[in-house]
Amino acid sequence: MTSEFTIAVHALVFLNHKATVYSSEGLAENVCTNPARIRKVMAKLKKADLVKTKEGVDGGYLFHRDSREINLTMVADALETPFVTVSWKSGNPHMSCLISSGMAGVMDGLYDDLDQCCRERLTHVTIADLDKKIFGKAAAN
């Protein structure tokens with residue numbers, strides 16, 4: 001998983017709670033990152049129709065969806081975020097030892113299963129749920 005997912009979730013909860021347009025600079029201040037990173041992430045969220053943009057001097061980003069219907073798997077899909085990945089594999093597929101030649105494939109399957117478990121779990125967590133965790137039940141839309 002990358003920090004883009006954290007930035008996206010933070011920004012969506014913030015925009016949902018504030019229910020107004022925020023610039024990339026305003027979002028960056030709240031997320032504690034730089035505006036360029038915000039713009040990169042928000043462009044992906046816009047493409048997935050999770051936010052809208054407003055042009056001009058008072059422009060920025062607006063969360064326009066029902067927060068109870070936007071789950072974290074939708075956010076991950078917009079960002080093409082894998083949750084369980086590995087950058088190194090043991091063994092060598094060209095060795096005669098079945099363990100050495102087969103372990104990478106076995107582990108890839110395990111990681112894929114774990115990733116699917118994470119994605120399934122996150123279908124049950126919405127932006128509204130996170131808002132409730134921070135502000136209590138009265139804050140949800």
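Just so it is clear, the model here is predicted, and its values are computed rather than measured. (Residues numbered from 1 in each chain as written. Predicted model: local features only at pLDDT ≥ 70, side-chain atom pairs only at ≥ 80, totals over all residues. Heavy atoms only, no water.)

**Q** Go over the packing of helix α2 (residues 24-31) against helix α3 (residues 35-47) with me, naming the residues and quoting the values.
**A** Orientation of α2 relative to α3, taken along the N-to-C sense of each, is 105°, at an axis distance of 8 Å. Taken together, the axes of α2 and α3 are roughly perpendicular relative to one another. Facing Ser24, Glu25, Leu27, Ala28 and Val31 of α2, the residues of α3 in contact are Pro35, Ile38, Arg39 and Met42. Looking at the contact of α2 with α3, its residues break down into six nonpolar, one polar and two charged. (Axes fitted to C-alpha atoms, helices over the stretch in contact; angles between N-to-C directions. Helix = DSSP H or I, 4+ residues; strand = E, 2+ residues; numbered from the N terminus. Parallel < 35°, antiparallel > 145°, perpendicular 65-115°, else oblique. Contact = heavy atoms within 4.5 Å. Nonpolar A, V, L, I, M, F, W, Y, C, P; charged D, E, K, R; others polar.)

**Q** Break down unusual backbone geometry for me, citing the residues and quoting the values.
**A** The backbone phi angle of cysteine 32 is positive, close to 70°, even though this residue is not glycine. Tracing the chain through its elements places cysteine 32 in the loop between α2 and α3. The phi dihedral of glutamate 80 falls on the positive side, at around 55°, and the residue is not glycine. Relative to the assigned elements, glutamate 80 resides in the loop between α4 (72-79) and α5 (98-122).

**Q** Describe in detail the packing of α3 against α4, supporting the description with residues and values.
**A** Angle between the axes and distance between the axes are the two parameters that describe a pair of packed helices. Contact pair α3 / α4: the axes reach a minimum separation of 8 Å and the direction vectors enclose 110°. For the element pair α3 / α4, the angle class is roughly perpendicular. For the pair α3 and α4, the crossing hand works out as right-handed. For the pair formed by α3 and α4, the contact residues are Val41, Lys44 and Leu45 on the first element and Val75, Ala78 and Leu79 on the second. Residue classes in the contact of α3 with α4 are distributed as five nonpolar, no polar and one charged. (Left-handed = near helix turned anticlockwise from the far one by under 90°.)

**Q** How would you summarise helix α6 (residues 127-135) if you had to cite specific residues and measurements?
**A** All of the buried residues along α6 are Ile127, Ala128, Leu130 and Asp131. Take α6 and look down its axis: the buried residues cluster within an arc of 160°, on one side only. Where α6 is buried, its residues contact α1 (3-18) and α4. Within two residues after α6, glycine 136 carries a phi angle of roughly 95°, on the positive side. (Buried < 20%, exposed > 50% of the residue type's maximum accessible area, 1.4 Å probe, protein only. Arc of directions from axis to C-beta.)

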